[in-house]
Amino acid sequence: MSIDRKAAIAAYKERKTIAGIFVVRCAASGQAWIGQAPNLETIQNRIWFSLRQGNHTSRSLQAAWDAHGEAGLTFGECERLEDEESAYVRHALLKERMLHWRAELEAEAI
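Sequence positions are assigned chain by chain, starting from 1 and proceeding in written order. Totals for whole chains, interfaces and linings use all residues, but because this is a predicted model, local features are given only for residues with pLDDT of at least 70 and pairs of side-chain atoms are given and counted only at 80 or more. To get the side-chain values, all heavy atoms of the structure are used, and hydrogens and water are removed first.

**A look at the environment of Val 89**
- Put simply, DSSP H or I for four residues or longer makes a helix, DSSP E for two residues or longer makes a strand, and each gets a number counted from the N terminus. Among the secondary structure elements, Val 89 is positioned in helix H4 (residues 87-105).
- The spatial distance from the C-alpha of Val 89 to the C-alpha of Ala 107 is 24 Å, given a sequence separation of 18 residues.

**Some words on a nonpolar patch on the surface**
- Like charges within 9 Å and nonpolar side chains (Val, Leu, Ile, Met, Phe, Trp, Tyr) within 5 Å are joined into patches, using only residues over 30% in relative accessible area that form no salt bridge. The protein chains shown are the only cover counted for residues, whose accessible areas, like all others here, come from Shrake-Rupley with a 1.4 Å probe. When a carboxyl oxygen of Asp or Glu lies within 4 Å of a side-chain nitrogen of Lys or Arg, that pair is called a salt bridge. On the surface, Tyr 88, Val 89 and Leu 93 cluster together into a nonpolar patch covering about 300 Å² of accessible area.
- To sort residues, take the accessible area from a 1.4 Å probe on protein chains only and compare it with the maximum for the residue type: under 20% means buried, over 50% means exposed, and anything in between is partly exposed. Leu 93 gets classed as partly exposed once you look at its relative accessible area, which sits at 31%.

**Structural notes on the pairing of strand E2 (residues 32-37)**
- Most of E2 sits out of view: five of its six residues are buried.
- A pair of strands counts as paired when DSSP detects no fewer than two bridges linking them. Pairing analysis gives six bridges linking strand E1 (residues 20-26) to E2, with the strands arranged antiparallel. From the neighbouring strand, Arg 25 faces E2, where its bridge partner is Ala 32.
- Linking E1 to E2, which pair antiparallel, is a turn of five residues; within it Gly 30 sits at a positive phi near 80°.
- One ladder, built from two bridges, connects E2 with strand E4 (residues 108-109); its direction is parallel. Considered in E4, the bridge of Trp 33 is made with Glu 108.

**With respect to the side chain of Gln 62**
- You can see Gln 62 is positioned in helix H3 (residues 59-68).
- Those residues in contact with Gln 62 that sit more than four places away from it in its chain are Ser 50, Leu 51, Gly 54, Asn 55 and His 56. Note on contacts: a residue pair qualifies if any of its non-hydrogen atoms lie within 4.5 Å across the two residues.

**Topic: the pattern of salt bridges**
- Scanning the entire structure with this criterion turns up three salt bridges.
- For the salt bridge of Arg 52 with Glu 70, the shortest nitrogen-to-oxygen distance reads 3.6 Å. Of the two residues, Arg 52 is situated in helix H2 (residues 40-53) and Glu 70 in the loop between H3 and strand E3 (73-80); the sequence distance between them amounts to 18 residues.
- For Glu 79, the salt bridge identified is with Arg 97, shortest N-O distance 2.9 Å. With Glu 79 in strand E3 and Arg 97 in helix H4, the pair connects residues that are 18 residues apart, well separated along the chain.

**Comments concerning the packing of aromatic side chains**
- Here is the rule: rings of Phe, Tyr and Trp (six-membered ring for Trp) pair when centre to centre is within 6.5 Å. Planes less than 30 degrees apart are stacked, more than 60 are edge-to-face, and the remainder are tilted. Under the counting rule described, the total for this entry stands at three aromatic pairs.
- Residues Trp 48 and Trp 65 carry aromatic rings whose centres are separated by 5.7 Å and whose planes lie at 75° to one another, so their mutual orientation is edge-to-face. A residue pair is termed long-range when its members are at least 10 positions apart, and Trp 48 in helix H2 and Trp 65 in helix H3 qualify at 17 residues. Here the two residues Trp 48 and Trp 65 agree in accessibility, since each one is buried.

**Examining the layout of surface pockets**
- With a 1 Å grid laid over protein atoms only, a set of points is called a cavity when a 1.4 Å probe fits there but cannot get out and a pocket when it is open yet has protein on both sides within 12 Å along at least five of seven lines; lining residues have an atom within 4 Å of a point. Grid points are joined across faces, edges and corners, and a volume is the space filled by probe spheres set on the points. Of the volumes computed, that of the largest pocket is approximately 190 Å³.
- What lines the largest pocket is simply Lys 16, Thr 17, Ile 18, Ala 19, Pro 38, Leu 81, Glu 82, Asp 83, Glu 84, Glu 85 and Arg 90.
- We call Asp, Glu, Lys and Arg charged. Ala, Val, Leu, Ile, Met, Phe, Trp, Tyr, Cys and Pro are nonpolar, and the rest, Gly among them, are polar. Split into classes, the residues belonging to the lining of the largest pocket amount to four nonpolar, one polar and six charged.

**Notes on the sheet that holds E4**
- The strand order E3-E1-E2-E4 describes an open sheet built from four strands, whose pairing is mixed. Only two strands of the sheet have a single neighbouring strand rather than two, namely E3 and E4.
- Here the axes come from fitting lines to C-alpha atoms, over the contacting stretch only for helices, and the angles between their N-to-C directions go from 0 to 180 degrees. Contacts from H2 reach E1, E2 and E3 within the one sheet, and its direction differs from that of E3 by about 150°.
- Across the sheet, H4 touches E1, E2, E3 and E4, and the angle it forms with E2 is around 170°.

The structure is reproduced here in structure tokens:
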């Protein structure tokens, strides 16, 4: 294994994850879905993968995907949380902020 590859692997393992709140919107129907993620950088890929497979847990989101396709949905970040040491505090903050954004955007939870 080369030194560059080892350095790249080490850097990947040491990277910081950014927790936060995200929104998925459907322009055609006007629907919105709010979710929370411990890592905002990877959540869109996870959601899009389950939608492509046809087995996302949110039936209304899956129906919007089936009706309008990938081009009909957009993904966006609502809020990034400050780096928090305690997983318990981070989880509580995510829950609180998700409730705020659900009410603000009149969106369903993912």
